[in-house]
Structures are given as C-alpha cells and as structure tokens.
Amino acid sequence: MSSLDVICEKIHAGHAPQWYASWERAAVCVACVAEMMDRPDVSAVRKRAALMCVTRAETVRELLYREENRRINFTCSLLRMLLCAVDSSLLDQVIEVLLQMSLDMQSQQFLQFMLDEIHSKLSDGSRVKDSLPSVMLLGKLLDAHPALRQTLTSSHLCVLECVCGGLLVSDEDLKAAVCYVLLRVWSSSAAVHTLTNTQRERMCVLLLHTLSHTHSTTVTINCLGVLKQMLQFFEVVCVLMSLQECSEEPLTYQPLPLILKKVLLSTQDSLQVVSVHCVCAILIHSPAHFSSSFIHADFPEFLFECVCSSSDVLMCSVFSCLLLLSEDPLFFSQCHSVYGIEPLVRSLKETLGKSNIEVQKRGLELLTAVLERQPAGVRLFPSGSEFSAVTDVIVEGVASSCLQVSIHAVLAATVLFRPHHQSSPVQLSDIRRIVEVVMSKCTEYHHIHNRESSCGSEFSNESVKAGAVLLQMLKCFDAACSLAEVCMCESALKDSVCSASQQQETLESLCVYLLHCCDTTCIPTVTRVCERVSSPQVLQVFFSVLSRHFSLSPAHMLSFCRKLASSGFIRLTLENRAQLCSGNRNVSLNLVCCDFLLKLCMCLFTQSDTSSSDHQAHVESVLQECLSSLCCRVCDWTSVLTDPQQSLRNTQYCIIYLLHLSLRHGDRLLCDSLVFSGVVRFMCVQDHTDISLPPSVLCSVLYLLSVTQHCGPQLDTAAVKSISRALSCCPLLFSLSSLHPSILSFIFSYPELSEHFGVTALTGNLTSGSEAGQEEDQMQSELLELLQKHPASLMSMMVVVCEAESAVAHRAAGVLRCFLCSGDSSRMSDLCDRIKSALLLLLQKLTHTDRVSVLLGVLSLVQSNASHSEMDHTDFKLLYHVSNLVGKMNSSDSELLLSALNCLYCFLCVCPSHCTDRAVSLLLGNIRLMELLEEVLSVSPSSSSSSLSALHSCSLLLLSSLINLQHTHSAQVHRSISIDLHRIVSRLTFSKRHTHSLLLMCSVKFVQVWLDVDKSSLVCVCESAALQHPLQEADGILYPFRYSGAKSLMMALRGLILQKEDLVISAAVDCLRSLIGFLHRRNTAIAQHMVCQPWNRFLLFSLLSCGGTCILHPAVLKLITLLVCFGGGISHWKTEVQSVCEEVERRGVTHLKDDSTHTLTLLLAQVHKRTRTLQLAQCCALSPPDDLRMKMDRILDSLKHLPPSDAPTQHILQRSLWWTSEEKTENTVQSPSMEHQWRESAASSSWVSTSLRNSHGPSTLKSL
C-alpha cells in the first residue's frame, strides 16, 4: 500500500486539494477515507488500508479532526461498521481507529458519545453475536481511559447492565469479552464503590452462573480473573460466600466453594493455581468466617493431593492456602492434618531438592503450623518410620544454604520436639540428628557473621539479625532439652524409650550429647553475640537451657558447673541481671537467671568443702530468698556488706556466698583488696551484734580472708579477736566440714587462732576429708604444704596423732612421715630435735598400743632424717624407752613389735660410730629383746601373711646389725640367739618363688653378715641332723656349713641373680662375694673350685646377653670383679671385660649412674692392679691384650675426671616396713609401692651390700 494513493476515484472528483495529505510517499485524500466507510461498493480490503492510514498517519488524523461534522460522521460510520462488518481484521482495525481517536481528542463528550452509541447498539435487539465488537471496544476504552470505569458504573450503568447480560448467552467469545470489561471495572475501587449492593449481587450471581455452566477454559480463566478481582472486597466476599446453590431458571448456579473445588479438580495447572488463589483471597479476609465452608467441602483433601505437583507456582499457592485453612480448628477436628501430613512430608522432601526457595519456605511454614496446631490427643507420627521421614525433611531444610529456609526448618523442628509428636518408641537417634544439624548451622552462620562484622558491615542491623537467628536456634535446642526432660519424668515416654532396645542411642547418651552441644556451641555463640547486643529474649532461653541440664545430666554437672564458674558465668549472669532486670524489668528473665544461679551455686556448694547438709540447707534458703532482689551492680556490694541494718543480713550472706564461689573458681567479681577490706569490716560489724554467724557463712568468710589476704594488710588485734569470737561461737564448725587449705594456712598465720583452733581444724580436716572421699594424695599434698609453710602446725599435727581417733591419727602420722621424708635438710635438724622431745614426752604418757605403734613409726623416720654426726641425751632416752617397751611386748603383737624393732634398727643405722658401743650394749643387755628375736625367727613366715614376713625381715636386719656391732666392739653378750641357718638357706634355694622379695633380701643380708663375721657369740647356729654324725674333712673345714650346704647356697644365689630384680640381685651378688671370701678363708682350693664352675660363666653370659643397661648394672660389674679376682685372672674373663668396655664407650661415662661409675672404677682398678702384678712377674701370656688394656686405661682416666657424687645413702627398712604395717590400716596415707622404692634405692645406692658392713664390720673386698 505504501506505493499507492489512498483515493476513491468514484467520489474523489469533488474533493478540494486541502484534504490531501501525504503518508509514506503516497497521496491520501482524507475526504475519500471518511466517505468510503459507508459505501458498500468499496471492498473491505480498501477500507482496512484506509483505516490503517488513519491509525498510522498523524497528519491524516489532523485533517480528519478539522471539521466537526466530518469527524462525527466518520465516527458514526465506524460504529455502524462494528455491527455489519464480517471481516475480523477490519473490525480490529475499526476498534483501533476509534481507540486512537479517543486518545487523540481526550474529550469527555466524545467518550460520552461513544458510550451512548455502544448502548444503542447493545440495546436495539440486534443479534447477540453482533454486539461482540462493541463489548470489545468498550473493554479497550476502559483500558485506555481508567476514569471511564467510574463513569460506566455511575452515569452509564445501563451500558454495564447490557454488557453483563452477555454472560447469559452461549457465545463463549462474548462471555470472554464481558469478563474483560468486568475485570476492568472491578479493578477500580472507586468504580466498585459506586455500585449498589443489588448491582454487586447481580454481578456475583451472573459470575457464579457462568462458572457453573461454562465448559470453556478461556471463559473459566476470564471468570476466575474477575472473581479474583472481586474477592479483594470484603463485602463482595461476604455476598459470594452467602450465595447458596440455586436451581431456579434461568440463573442456576452452585456455591462458590463447590465451583472452586471443581476448578481445582481440573487437570490444568493454570486453572488450579487460579482456583487456589481465589480461595486464598477469600480466607485472607477472615479465615475464621470462611474456612469452614471450604473444609466442609473437603477442599483441604484435594489441596493435599496437589502438593506433589511439578508446578512450583501451584505448590506455593497450595501451601499458602492450606496455611490459611489450618487456622481453623475444624481443619484438625476433621483429621485433614492426619490425612495430609504424609503427602506434605513427601512433597517437602522433593521440594527441598529443587532451587525454588519460596516454595520451600511456604512448605516449611505449613509443616510448622500443622505441627503447632495439631491437638495433643491425635498423633501425626504413630510409627518410627513416619517420624524419621519428617526428620529427614527437617534436617535437609536446616542444612539448606538459604538462611530463611534454614530458619523455617528450625521452627518446624522446635514444634516437632513437643512430646505429643513423638512416635512410639521415641526416636532418640532422629532427635539427635536434628540437634546435630541445628548446632552445626548455628556455628556455621555465626562464623560467617563474625567475618562479615570484622569486614566493617553494618553493626547494629547485623547484630540484631544475628540475635534473631540465634534466638530461633536456641529455642529449638531448648525444646530438645525439654523433650529429654519430659522423657525422664513422664512414665509413658520413659517406658517407650526403655522399650526401644534396638536403638543405639539411649536417653542418657542423648542427654550427654545435649550437654556437649551446650558446652561447645551454645555457650561460645551466645557469649559472642551478647558481647555486642544483650538480648533479653536470647538470654532468657539461654539460661533456661543451662538450667535444664541440671536434671538431664546430674552425673556430669559438677565438672560442667566448675567450668561455668571458672569461665565467669556467675559474673555474666549477675551483670546481665543488673543491666536488664533492675527496676522490675524483664521479670521472666530475672526468674530464669535466679533459677540458674541457684542450681549452679548449690551444685558447687554440694561438692565443696562446706558440704554438710546443714550448710547446704542454709545456703539454699538464703539464695532462694535474696537472689531475685539482688539486682544491684557488683561494685556496690562492698557498701552492702558494711551496712549494719539487720534487714540486709541475708542479702549480705548471699553476697558472701557468691564471692566465695566465684573466687574459688577463678572468677574475681571484685578485686582482692576490696574483698578483703569488705569482709573484714563485715566481721567487725557482726561482732557488735548478738547474732552468731552460721557455719557456712563463717567458712566462706574464712576462705575469702585467706585467699585475699595477700592484697591487704596484716589483720590487727581487734579483727583477729572478732574472728576468734565468731569461731568460738561455732564449736562444731571444723567437725562439720573439710576446710580449704588456704583457711588452714590463715589460721596458723595468727598465733591466737592457731592456739585455739589449730588442732581442731586439723582434726576436722583429716576426718571430713576421709568421709567425703577426698583423694589421699591431694589431702596429703595440701597438709604437707601447710607444714612446710607454718612449722608451728607440726606440733598441732603431733597432738592430732596422740589425741584423735585411730583412723585420723594414722592419717596424721602418714602426713608427718611424708613431711619428714620430703623436708629440707637445712631446716630438718631443728625440727627433728623438737619432734624428738615431744615424742619422748608422748611415749612416756601413752599406753594405747595403737598410738604407740604410730608414734614409733614417726620416731623411726625422725631418726633417719636427723643429723648423723652425734646423738644427744634425748636420743639415748628414746632408745632406752623404746628398748624397755620392747621388753614388755609379746611376739603375738606383731604390728607393735614391728614398729619397735624398726625403730631400734633405725637407731643403729643412724648412730654415729663413736656412739654405737653404747647403743649395742644397751640392746644386748635387754634379754627380752633377744628372746623376742629368737621367737620371731623360729617361726617360718607364711607367704600369705605380709605382716609376719615384714616382722621376720625386720628381725633379720636388726639381728644382722647387732651381729656386726657386737663383733666390732666385742660387746658382752648376755644371751645368745639360736638360728637355724640351714632353714634360711633352704628358703633361698627352694622357696624363693613363694617368698616376698623383702624377706629374700633380708635373708640374704643376714647370711652375708654371718659369713663376714664368721664366728659370733651372739648367734648360735642350730645343727641339723646331717651334722650330728662325724664330719668329713671338707665339711669340717666349712663348719657349720657342709660342702653341700655351701654349694646349695651358691646355687641359690645364682638363681636370685638370674631373677634380675634390682632389690635382690645386688644383695645376692654381695652375699656371693661374702661366701667366696668365707670359703677363701677356710680353704683356698674349695673357693677356687667353686668360682671356676661352668655355672658362673653361664650366669655371667645370661646377664650380659640382655645388653643395654644390664651390662653396666652395678651388681653385674661386681660379679665380674669377683670372678676376675677369684676365677683365674683377666685372661679367663677378657671377653666379658671387653663387652663392658665396649658398652661404656658406646654410652659414654658421663651417662652412667653414680653407683655404676663407682663399681666400674673398682673393676678397672682391680684389673689394672692384677695386670701390673702379672707384668712384674713376667707372665705376659696371662695379661689382657694391648688394645683392651689401652681401652681400659682410657675409660679409667675418664672416670677419674668425673665430678664427685653427693647421692644420699638410703636405708632398706626406712620405707618398706612402714608400708607393710600401714597396709592393714584403713584410711591411712600409703607410701608408694615397696618394690618400686626398693628398686630406686638399689639403683641409686648399693646399701644392701655396703651400708652396715662399711660402717661397722670388716670388708671382704678389702681383704681381697
């Protein structure tokens, strides 16, 4: 057309040029365009081209509008064409031109004119089909001119009525056009408000009629669109919902819920979505008024059928609709929730695997609402599989990367933890899974939040958001704790849990896991968030969670409470209460905080030193009374403590308790100087009242003073007297509780307090500590520290040993022993003198054998730790007194006799050489002592009786010492002792496996001493039956041994050496040396024969084969030295000496122990001496090789340059016999294991072989 002229030749001749216009290089005659519209001889194609020219060419329209008459005629022509034109494209062009003309002119009169014309066309009785273009034109006009909508409903309502009549015809296109018009009308609230109620109701009826009878999807969609628009108005909703089913012609219709249900049942997602939207639009006005109609119509049932749709839009709409319907209790009473929970869970599981966040949020909201509103009497998850299915959904939702979805899932989990939602049996593993993922999400989110905050993001908004997220997660965790608490309390749930034996998770393990989550996740997260913004809601839930754990995990609460207290939770709770709860604000938070503080404090007090029931009752009553009102700041507490008002007395007690607990666990609420001064003034104020302090308060006061005294001045006399009077008013204080070590130290820091209360405090501490099951090592270390810090307490401890009950006395004696063993030698001399004087007085007064035994044990230890340079008059008095005590004893009193003999032995061990003659003469003059030793040694000790073995061992050692000293000083013997030496040798030979190591060692020691002395007037060896007939020459030489007896002893000693026990091997080697020396003195040939036996080489080979430290063991080195001396010289043992030298070079002489160094020096010196002797005798063949000799010279030279050793000498019986006697006493401080200490003793000093002999007897090694 662009190349043609728009001109009608038949009528163009009379048109003036002024009507010409150009359009796209074509000539257009506007007059022709206007006149050809009514001409039937012009084709529709030419008319459409002309109208297209009018639409597109603005110049054409300007010429057209120049004359009013022509414009009106043109408009009328176009309106007539709407009725007669059959070409749809021409009709569309006509409507477009009319619409463009209305927009160009913007004339209200023109619009009124068009409305009148449309009305005339619609009401002239023409065919219904012909009215379709007019309705379509009206719809376009309403779109283009919104103000026309109100005009249509006010001044031209007749037009609207005619249009609405189109809904009654069967033409679907017309109905769609009518819906289009109605949609535009109902889109204007102003237009709707001008309609009368009658007109609205008629439109509602017509719409329901149309929806009830239409079978066209297009009409249904258009009608639903109108309906959805109408449902925005509450009045219209009321009208629609009030219209019941009507069967009267011609306007028959169904109720709206049935219509929407019918649409919902269609297979088209678009119709279902619109239907659900309409229901939501109705319910959103008032679910309580309108939901029942849909519920009675079983609408929820069909909605649940749609939740598994593949359309996200439909699912989101269905979830929203069900969410509104669930607000009506009828929804649950008709069991729609029970019917729909399974498809809902299945749908959520599929939805969470997709990416539509809005659908996920809506679905989780619906799940939360159903769980929250479901009546408790009807369970949604009766079986474990159903509960596990919803658990899977919640776990997946919480783990979502979208925080909003995760929070909605947390809300659902919070409601799911209600008891009536639990299946039977309760699925503890599923509960744990939910808690795990919630805690993991909490940690993940707050790590991200902390990073964002550190990067400078908006502080306040982010903190508030973090607090809100944390609140929801804490509520979920609190709900899980509450469920566990209910399971423990309610019998039905508890039985359900117990019956689930197939579950790996138990209620106890779940409670422990909840406590672990609280410790590792909740506490760190809450404290970090509350550092920025303290939220009362968050803190309330948080402290509620903490309080619940006291009933969930009572067995773990002590350690948990200690961790809370040491982490500052007492301070945290008090500060938040002062900040948020003062002035009666946040009452519920205050109550929760008080409940938590009460449980925390009582748990700590129950396990503290002040743990008696009376103390606990008073503490609990004071805390219950005063915690809720104690909302002042902590810095104001000192002024409260010094207030003399009696009404504040319990509040002051409460502050004392809180200060005590916090300070006890490392949380200083106030600085120590303020606490010290405040408590001192509190005691001075209380001293002026007639009311005595309760014991628990007094204990707390003493603790606070003792711990904070370093920050304050020394107490003056008045303050000490105030404390003393307060303690005097509570005589049972120390017997009711075990005091903290600092309190004991505080009491002994002031003479007035220690004089009056020192003994009582120590006695109470030892008694209460035992009753409370306090660890022995802990109590012992605390008392040892006290004795070291305050020597004055030593005398008080001695009084406890004498005056306290038996068990307490033994415990006190054990502490004294440990103190004397671990004391500083520079201070020990003076202390030992004071103790010996006190012991002398006590031993003279005491008659109770049990106490005498304890004191003798202490005396033995004092003697062993005293100075060995001299013995004063007190020492000999003690020796005389103990000797007299022994003279009054019977052998049946084994425990007392053991202590006495042990004490005598210690006297002899530490006695200086210039005093031993007096000591041995004193003891040898005690005939009863000799008789007791003979009685004890005449009885064979049983392997099952440790006390009898210890007594036998002690007797052997004491007798060994007496033999040595009597031989040294040639002291007078008033009574000899008969000993069956052959039975002792037989024990070493045949019964060593069933004999205690202590007795073996002491027996070997006795035999060694007897062999060294050779002949003693003190000991009379009993003759065996084998020695009663005439002796052979060899047996006579070795009398009282036979040759076979010496050979048996040699074999027994070899067997003991092969046991490789430090305690026994050293004693056996030394005894072997004494035996060879004895044989050498009696007959050199026999001695040489014994040494050269193959068994000796095999013995040495066995020891050296162990390698490592065994080669350089002092006993092994002594054995090699012995064999070199008596076994043919170095030439027979050069391989063994070579092995020793190589091991020394490998390890280095600096890494050898002192005793190994000493013994190695003796070995090399002996070899060197014998080598020199051989060289002088020109026996070079028997000398060691040159390389070995040079190696030995290097080692010997290195040994000479080592610094001297100052290792202390240790005594065998000093600890071993105490251990044996204490083993039978209950509640006694036990020393470490006997064998362990003996091995230490043997490793550090060869006392077994050298101690007594080197001091008081001849040395076999020197004779060699």
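Note that this is a predicted model, so its numbers are computed, not measured. (Residues numbered from 1 in each chain as written. Predicted model: local features only at pLDDT ≥ 70, side-chain atom pairs only at ≥ 80, totals over all residues. Heavy atoms only, no water.)

## What about the overall build of the protein?
Phase 1: Looking only at helices and strands, the protein features 67 helices and four strands.
Phase 2: A total of 1264 residues make up the protein; the buried ones form 56% of that total.
Phase 3: Considering only contacts within the protein whose residues lie at least 6 apart along the sequence, 74% involve residues at least 24 apart.
Phase 4: Element-wise, carbon and sulfur atoms account for 52% of the exposed surface of the protein, whose accessible area totals about 52300 Å². (Helix = DSSP H or I, 4+ residues; strand = E, 2+ residues; numbered from the N terminus. Buried < 20%, exposed > 50% of the residue type's maximum accessible area, 1.4 Å probe, protein only. Contact = heavy atoms within 4.5 Å. Areas by Shrake-Rupley, 256 points an atom, 1.4 Å probe, with all protein chains shown as cover.)

## Here's the deal with the environment of Arg-811
Phase 1: Relative to the helices and strands, Arg-811 is located in helix H45 (residues 806-822).
Phase 2: The exposure class assigned to Arg-811 is buried, which follows from its relative accessible area of 1%.
Phase 3: For the pair Arg-811 and Gln-780, spaced 31 residues apart in sequence, the C-alpha separation works out to 8.8 Å.

## Regarding the pattern of salt bridges
Phase 1: Applying the stated criterion to the full structure yields 25 salt bridges.
Phase 2: As a salt-bridge pair, Arg-928 and Glu-935 come within 3.4 Å of each other at their nearest N and O atoms.
Phase 3: A single salt-bridge network, built from bridges that share partners, covers Glu-358, Lys-361, Arg-362 and Glu-365. (Salt bridge = Lys/Arg side-chain N within 4 Å of Asp/Glu carboxyl O.)

## Here we look at a nonpolar patch on the surface
Phase 1: On the surface, Leu-1058, Trp-1095, Phe-1098 and Phe-1101 cluster together into a nonpolar patch covering about 450 Å² of accessible area.
Phase 2: With three residues, helix H59 (residues 1094-1105) is the single largest residue contributor to the nonpolar patch.
Phase 3: Mapped onto the elements, Trp-1095 comes out in helix H59. (Patch = residues over 30% accessible without salt bridge, like charges linked within 9 Å, V, L, I, M, F, W, Y side chains within 5 Å.)

## Quick look at helix H44 (residues 792-803)
Phase 1: Spanning 12 residues, H44 covers 18 Å between terminal C-alpha atoms, matching the ideal 16 Å at 1.5 Å per step.
Phase 2: Within H44 the residues assigned to the buried category are Ser-793, Leu-794, Ser-796, Met-797, Met-798, Val-800, Val-801 and Cys-802. (Expected span 1.5 Å × (residues − 1).)

## Structural notes on the environment of Val-438
Phase 1: Residue placement: Val-438 occurs in helix H26 (residues 428-454).
Phase 2: With relative accessibility at 2%, the residue Val-438 sits in the buried group.
Phase 3: Taking the C-alpha atoms as reference, Val-438 lies 9.5 Å from Ile-407; in sequence the two are 31 residues apart.
Phase 4: Apart from residues lying up to four places away in sequence, Val-438 is in contact with Val-398, Val-410, Met-473 and Cys-476.

## Looking at the packing of aromatic side chains
Phase 1: Overall, the coordinates contain 13 aromatic pairs when judged by the stated rule.
Phase 2: Each ring, one from Phe-543 and one from Phe-596, has its centre 5.4 Å from the other, and the planes form 35 degrees; the classification is tilted. A residue pair is termed long-range when its members are at least 10 positions apart, and Phe-543 in helix H30 (residues 536-552) and Phe-596 in helix H33 (residues 587-606) qualify at 53 residues.
Phase 3: On the accessibility criterion, Phe-543 (0% relative accessible area) is buried.
Phase 4: Where Trp-1010 meets Phe-1078, the ring centres are 6.1 Å apart and the plane angle is 45 degrees; that geometry is what we call tilted. Taken together, the residues span a long stretch of sequence, with Trp-1010 in helix H54 (residues 997-1013) and Phe-1078 in helix H57 (residues 1062-1082) at a distance of 68 residues. Accessibility assignment for this pair places Trp-1010 and Phe-1078 in one class, buried.
Phase 5: Linked through ring pairs, Phe-542, Phe-543, Phe-550, Phe-569 and Phe-596 together constitute an aromatic cluster.
Phase 6: Over the ring of Tyr-180 we find Arg-184; its NZ or CZ atom is 4.0 Å from the centre of that ring. (Phe/Tyr/Trp six-rings, centres within 6.5 Å; stacked < 30°, edge-to-face > 60°. Lys NZ or Arg CZ within 6 Å of the ring centre and 35° of its normal.)

## Examining the state of the cysteines
Phase 1: Applying the stated criterion to the full structure yields zero disulfides.
Phase 2: Summary of cysteine pairing: Cys-626 is not part of a disulfide, and the nearest cysteine sulfur, belonging to Cys-654, is at 5.3 Å.
Phase 3: In this structure Cys-626 comes out as buried when scored by relative accessible area, which is 3%. (Disulfide = S-S within 2.5 Å.)

## With respect to the packing of helix H49 (residues 894-910) against helix H52 (residues 946-969)
Phase 1: Relative to each other, H49 and H52 sit at 30 degrees, their axes nearing to 9 Å. In terms of axis orientation, H49 runs roughly parallel to H52. Along this stretch, H49 crosses H52, giving a crossing that reads as left-handed. Of the residues in H52, those touching H49 at Ser-894, Leu-897, Leu-898, Leu-901, Asn-902, Leu-904, Tyr-905 and Leu-908 are Ala-950, Leu-951, Cys-954, Ser-955, Leu-957, Leu-958, Ser-961, Leu-962 and Leu-965.
Phase 2: Of the residues in the contact of H49 with H52, the class split is 13 nonpolar, four polar and no charged. (Axes fitted to C-alpha atoms, helices over the stretch in contact; angles between N-to-C directions. Parallel < 35°, antiparallel > 145°, perpendicular 65-115°, else oblique. Left-handed = near helix turned anticlockwise from the far one by under 90°. Nonpolar A, V, L, I, M, F, W, Y, C, P; charged D, E, K, R; others polar.)

## A look at the packing of H59 against helix H60 (residues 1114-1126)
Phase 1: It is the contact of H59 with H60, at a shortest axis distance of 11 Å, that shows an interaxial angle of 150 degrees. In terms of axis orientation, H59 runs roughly antiparallel to H60. For the crossing formed where H59 meets H60, the hand is left-handed. The segment H59 lies against H60, with Asn-1096, Leu-1099, Leu-1100, Leu-1103 and Leu-1104 engaging Val-1116, Leu-1119, Ile-1120 and Leu-1123.
Phase 2: Considered class by class, the residues forming the contact of H59 with H60 number eight nonpolar, one polar and no charged.

## A word on unusual backbone geometry
Phase 1: The linkage connecting Ser-424 with the following residue, Pro-425, adopts the cis geometry, with an omega of 5 degrees.
Phase 2: Position of Pro-425 among the secondary structure elements: in the loop between helix H25 (403-416) and H26.
Phase 3: At Asn-584, a residue that is not glycine, the phi angle is positive and equals roughly 60 degrees.
Phase 4: By the secondary structure assignment, Asn-584 is in the loop between helix H32 (569-580) and H33.
Phase 5: In this structure Asn-584 comes out as exposed when scored by relative accessible area, which is 71%.
Phase 6: A positive phi is found at Ser-970, a non-glycine position, where the angle reads about 50 degrees.
Phase 7: By relative accessible area, Ser-970 is classed as exposed at 61%.

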